[in-house]
Amino acid sequence: MFKNIQKTLLLKYPLLWNTKFIPMIAIGLLLHLIFFGLGYIDGTIDFSNRNNIDIKATSIMFGVLIIIVIFILWLVNYLKNNSLKSFYSKSKYSLFYELMQIFTIILLLITFYIPFSVAKQWHQKSYFSLEETTKRCKTISTADYFIDGSFAQTELDSLASGLIDSLGNVIPKEKTNQNYNNPEYAVEAVDMAGNGYVRKDYILFKGKKYDEYSLLNRNTFDFSVISNEQDSLNRIEVKTWLFNNNAGAVQKLQADYLKLIQEHNLATNLTANKWFEITYKAPEFYEYLFIQPYLREYETEDSYSYNNYDYAVKVRDGEKKYSKYFVQQDVLKKKYDTVSDAHTEDFFDFEAILAFLYGALGLALLVFSFRVTSGKSWLIAIVITGVLNIIYGIFAALASGGNLYFYLMLFTIIGIILYFFFIYFSKKSIQYSRLALNLFLWSFVAVIPLIYFLIQDFYKKEQYRFDYSYYESPEYKWLKEHVADMFTINFIVAIIVLFILSKIIRNWKGLAED
């Protein structure tokens, strides 16, 4: 059957037969299917275990090796039948169609990781709906008020920090350094200007003072399914329960949390009653017990710092003194963090897709240029490319010119393109332009990005420091925000140029050798 298909292609569609397009597409799709399955397996979450299945590195290494072998075998079979050297009749844009077939084959081969990544995220996302994931993450996050965690920074003590005087008048900034070395105050932070700051040892919530190490000043986890605004509202909700002495709401939260622990067969020696008893110390919520947030048998150097909150404040009198009670909060948080990210991250990263497209186009142009020129000129062009990069790099380094290298490359590429067209339109010997064509095909895609980044760098010089902040010109901001758009447009332009260039190359092949 396979031989019959190949015979039919040879007789009716010789270009498809020559590029081995049909079998290579079949092989590429099969690889994508295999890696979709591997990705689905890698996305398995074992909620009762510290570690998940992890075959990502092995799968990628296996995929790369397989792709290299397939790519080499394909090149051997493809390059041994060169229609240009055999004087086959070529239609006006047949070279462009051939290039697009090469591009499609290579793109399909090198993107095997995409189905792997999609399947992995899809599996992780399938465990719970977005609504259920958000609900469970809220329970895990807010329950940590009563387990373990760092404390938020309190407000600045403006008087002790020397920012105001005893009458409440603002002290000029140049005088605020006076308290920096004052032993009467413990300096806990230093701002960009070097001013010592002293913070209050209490917080205010609804007009009531609480110690800075009260439960009301605890930090919480942040999950991607919960917005920053909603996360703040969740913390205020728990603080309000404590302020209003709403013991029932706290007991329900702790009971819901323990249900998750039991559902996933995680370890704890807490009961709902004991947990409430040792942590709910109304009305000050200060003399409570710290619950160990991991199983001691799994204790590692990272266990102590797994609650890596921002703006963490150490506990008074040194490190935390954990009680004999524990719960595997670290495992629960890690697993639901994975599910949360699966719901909020995009299946396809646009920048990654662009990278694959450019990678496939670059490899396709390398193969195509070898096809339309010769092996000798192709190898010489590679050597010239390497030598030019080294020379320009050394020259730019000696001249201490930040962008000199890029200017040299841009002018060289433009010079190569002009030289090729000079040979083509003047009907000069083809042997003088093989090197130019190779270099032209490999480098013309870089013209627009080089110009774009040189313009961006020009406007970047308009930045200046002002009051410890940086000013950015509107032009620089716009250029910085539209880099991906530029690369997208550049890719489209490159395909259009190749479409036009394919006809020129076909006619160029008709020039005399001498």
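Quick caveat: nothing in here was measured; it's all calculated off a predicted structure.

J.: Can you tell me about helix α12 (residues 350-372), naming the residues and giving the values?
T.: Under the 1.5 Å per step criterion, the end-to-end length of α12 is 32 Å for 23 residues, consistent within 8% with the ideal 33 Å. Taken together, the buried positions of α12 are Leu354, Tyr358, Ala360, Leu361, Ala364, Leu365, Val367, Phe368, Ser369, Arg371 and Val372. Residues of α12 that are buried make contact with α2 (14-19), α4 (56-79), α5 (94-110), α13 (375-399), α15 (434-443) and α18 (483-508). For α12, the side-chain oxygen to backbone nitrogen distance between the N-cap and Glu351 is 3.1 Å, and the N-cap itself is Asp349.

J.: Mind laying out a nonpolar patch on the surface, listing which residues take part and the relevant values?
T.: Residues Val64, Ile68, Ile72 and Val76 make up a contiguous nonpolar surface patch of about 340 Å² in total accessible area. Topologically, Ile68 is positioned in helix α4. On the accessibility criterion, Ile68 (44% relative accessible area) is partly exposed.

J.: Please set out the packing of aromatic side chains residue by residue, giving values where relevant.
T.: Within this structure, the stated rule accounts for 38 aromatic pairs. Both rings, one in Phe36 and one in Trp122, keep their centres 6.2 Å apart while their planes meet at 40°; by these two values the pair is tilted. Residue Phe36 is located in helix α3 (residues 21-42), and its partner Trp122 is located in helix α6 (residues 113-125); the two are separated by 86 residues in the primary sequence. According to the relative accessible area criterion, Phe36 is partly exposed, its value standing at 31%. For Trp122, a relative accessible area of 44% corresponds to the partly exposed category. Between the aromatic rings of Tyr40 and Trp122, the centroid separation amounts to 5.8 Å while the plane-to-plane angle is 55°, which identifies the pairing as tilted.

J.: Which residues make up unusual backbone geometry, and what values do they have?
T.: Between Ala282 and the following residue, Pro283, the backbone shows a cis peptide bond with an omega angle of 0°. With a phi angle near 55°, Asn265 is a residue other than glycine that sits in the positive phi range. On the accessibility criterion, Asn265 (62% relative accessible area) is exposed.

J.: Explain the environment of Leu31 to me, using residue names and the numbers behind them.
T.: The residue Leu31 is located in helix α3 in this model. The spatial distance from the C-alpha of Leu31 to the C-alpha of Pro115 is 9.4 Å, given a sequence separation of 84 residues. Ignoring sequence-local partners within four residues, the contact set of Leu31 consists of Ile66, Ile67, Ile70 and Leu109.

J.: Tell me about helix α11 (residues 329-344), and please be specific about residues and values.
T.: Every α-helix carries 3.6 residues per turn, so stepping three or four residues along brings you back to the same face. For α11, spanning 16 residues, the distance from its first C-alpha to its last is 22 Å, which sits close to the expected 22 Å at 1.5 Å a residue. Of the residues making up α11, those classed as buried are Gln329, Asp330, Val331, Leu332, Lys333, Lys335, Tyr336, Val339, Ser340, Ala342 and His343. Against the buried residues of α11 lie α6, α7 (130-143) and α9 (247-263).

Here is what the cut-offs are and how they apply
- Residues numbered from 1 in each chain as written.
- Predicted model: local features only at pLDDT ≥ 70, side-chain atom pairs only at ≥ 80, totals over all residues.
- Heavy atoms only, no water.
- Helix = DSSP H or I, 4+ residues; strand = E, 2+ residues; numbered from the N terminus.
- Expected span 1.5 Å × (residues − 1).
- Buried < 20%, exposed > 50% of the residue type's maximum accessible area, 1.4 Å probe, protein only.
- Contact = heavy atoms within 4.5 Å.
- Polar contact = N/O pair within 3.5 Å; in protein donor to acceptor, adjacent residues only side chain to side chain.
- Patch = residues over 30% accessible without salt bridge, like charges linked within 9 Å, V, L, I, M, F, W, Y side chains within 5 Å.
- Areas by Shrake-Rupley, 256 points an atom, 1.4 Å probe, with all protein chains shown as cover.
- Salt bridge = Lys/Arg side-chain N within 4 Å of Asp/Glu carboxyl O.
- Phe/Tyr/Trp six-rings, centres within 6.5 Å; stacked < 30°, edge-to-face > 60°.

Remember that the coordinates give geometry; whether it matters functionally is a separate question.
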